[in-house]
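Listed below, chain by chain, are the residues.
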Amino acid sequence: QVHLVESGGGLVQAGGSARLSCAASGSIFRINSMGWYRQVPGKQRELVAVIPSSGSTNYSGSVKGRFTISRDNAKNMVYLQMNSLKPEDTAVYYCNAAIQTYYSAQNYWGQGTQVTVSS
C-alpha cells in the first residue's frame, strides 16, 4: 500500500547535471531512512547515498563531492542532485525508503529511473 515513484532520469552529457526525485505515498506514519541506489546489468545494486531521519548524509566514495541527497519530510520526498556526471554513472537509479506504517515497518523500493551519461 506504500508506493515509491522516481522521476528525473534521462540522457545527460558528461559533465552535466540531473536531479532525481522520489515521492512516497500511502499509509505512512514515519519515514526513517531514505536513499538512492543504482544498478547496471550484471552488477549488484549499490548504495549511492542515504539520508536517515537525523538528517545526516552518507555517500558512496565514487559520487562524494558530486552528488547531493536531500529530503522533504512534509512532502515525503527525497532528491538526488547529480553534478559533474560521468559515463560510469550510467545506471538505473532506485529510490529506497525504510517506512513505518500504522501496522508495520518495511523497506520499500521504487521502480527505478534510467540515467544515461554520454561521453
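What you see is a predicted model; the values in this text were computed from it and never measured.

Trainee: I keep staring at the pairing of strand E3 (residues 18-25) and nothing clicks. Help me out?
Mentor: Side chains on a regular strand alternate between the two faces of the sheet. Bridge count between strand E1 (residues 3-7) and E3: 5 bridges; the pairing is antiparallel. By the bridge assignment, Ser7 is partnered in E3 with Ser21. Examined bridge by bridge, E3 and strand E8 (residues 77-82) share 6 bridges and lie antiparallel to one another. Across the sheet, Arg19 pairs through a bridge with Gln81, a residue of E8.

Trainee: Could you clarify how one ought to interpret the pattern of salt bridges in this entry?
Mentor: Any two side chains of opposite charge can pair, so long as their charged atoms come close to each other. Using the criterion set out here, one finds 3 salt bridges in the structure. Here Arg38 and Glu46 are joined by a salt bridge, their closest N and O atoms 2.9 Å apart. When salt bridges that share partners are traced, they join Arg38, Glu46, Arg66 and Asp89 into one network.

Trainee: Is there a simple way to think about a nonpolar patch on the surface in this case?
Mentor: A cluster of nonpolar side chains, contributed by Phe29, Tyr102 and Tyr103, occupies part of the molecular surface with about 470 Å² of accessible area. Here Tyr102 shows up in the loop between strand E9 (91-100) and strand E10 (105-109). By relative accessible area, Tyr102 is classed as exposed at 58%.

Trainee: Help me understand the state of the cysteines in this model?
Mentor: Note on terminology: disulfide describes a covalent bond linking the sulfur atoms of two cysteines. As enumerated under the stated definition, the model contains 1 disulfide in all. The disulfide partner of Cys22 is Cys95, and the S-S distance across this bridge is 2.1 Å. An S-S torsion of about -80° defines the bridge between Cys22 and Cys95 as left-handed. Here Cys22, found in strand E3, pairs with Cys95, found in strand E9; they are 73 residues apart in sequence, far enough to count as distant. Here Cys95 falls in the buried class, since its relative accessible area comes to 0%.

Trainee: What am I meant to see in the packing of aromatic side chains here?
Mentor: Within a pair of aromatic rings, the relevant descriptors are the distance that separates the centres and the angle that separates the planes. Applying the stated rule across the entire model yields 2 aromatic pairs. A cation over a ring is seen here: Arg45 above Tyr94, with NZ or CZ 3.6 Å from the ring centre.

Trainee: Whenever I open this one, the side chain of Asp89 confuses me. Can you help?
Mentor: Relative to the helices and strands, Asp89 is located in the loop between E8 and E9. The contacts of Asp89, once residues within four sequence positions are left out, are Arg38, Val63, Arg66, Phe67, Ser84, Val115 and Val117.

Trainee: What am I meant to see in the nonpolar core here?
Mentor: Inside soluble globular proteins, nonpolar side chains tend to come together where they are buried. The biggest cluster of nonpolar side chains holds 29 residues, and the ones touching the most others in it are Leu4, Trp36, Leu80, Met82, Tyr93 and Ile99. Sorting the residues of this core by element identifies E3, strand E4 (30-39), strand E5 (46-51), strand E7 (67-72), E8, E9 and strand E11 (113-118) as the ones contributing at least two each. Residue contributions to this core peak at 5 residues, all from E9. Excluding residues that lie within four positions of it along the chain, Leu4 makes contacts with Cys22, Ala23, Ala24, Cys95, Asn96, Ala97, Ile99, Tyr108, Trp109, Gly110 and Gln111.

Conventions used here
Residues numbered from 1 in each chain as written. Predicted model: local features only at pLDDT ≥ 70, side-chain atom pairs only at ≥ 80, totals over all residues. Heavy atoms only, no water. Pairing = 2+ DSSP bridges. Helix = DSSP H or I, 4+ residues; strand = E, 2+ residues; numbered from the N terminus. Salt bridge = Lys/Arg side-chain N within 4 Å of Asp/Glu carboxyl O. Patch = residues over 30% accessible without salt bridge, like charges linked within 9 Å, V, L, I, M, F, W, Y side chains within 5 Å. Areas by Shrake-Rupley, 256 points an atom, 1.4 Å probe, with all protein chains shown as cover. Buried < 20%, exposed > 50% of the residue type's maximum accessible area, 1.4 Å probe, protein only. Disulfide = S-S within 2.5 Å. Phe/Tyr/Trp six-rings, centres within 6.5 Å; stacked < 30°, edge-to-face > 60°. Lys NZ or Arg CZ within 6 Å of the ring centre and 35° of its normal. Contact = heavy atoms within 4.5 Å. Core = buried A, V, L, I, M, F, W, Y, C linked by side-chain atoms within 4.5 Å.

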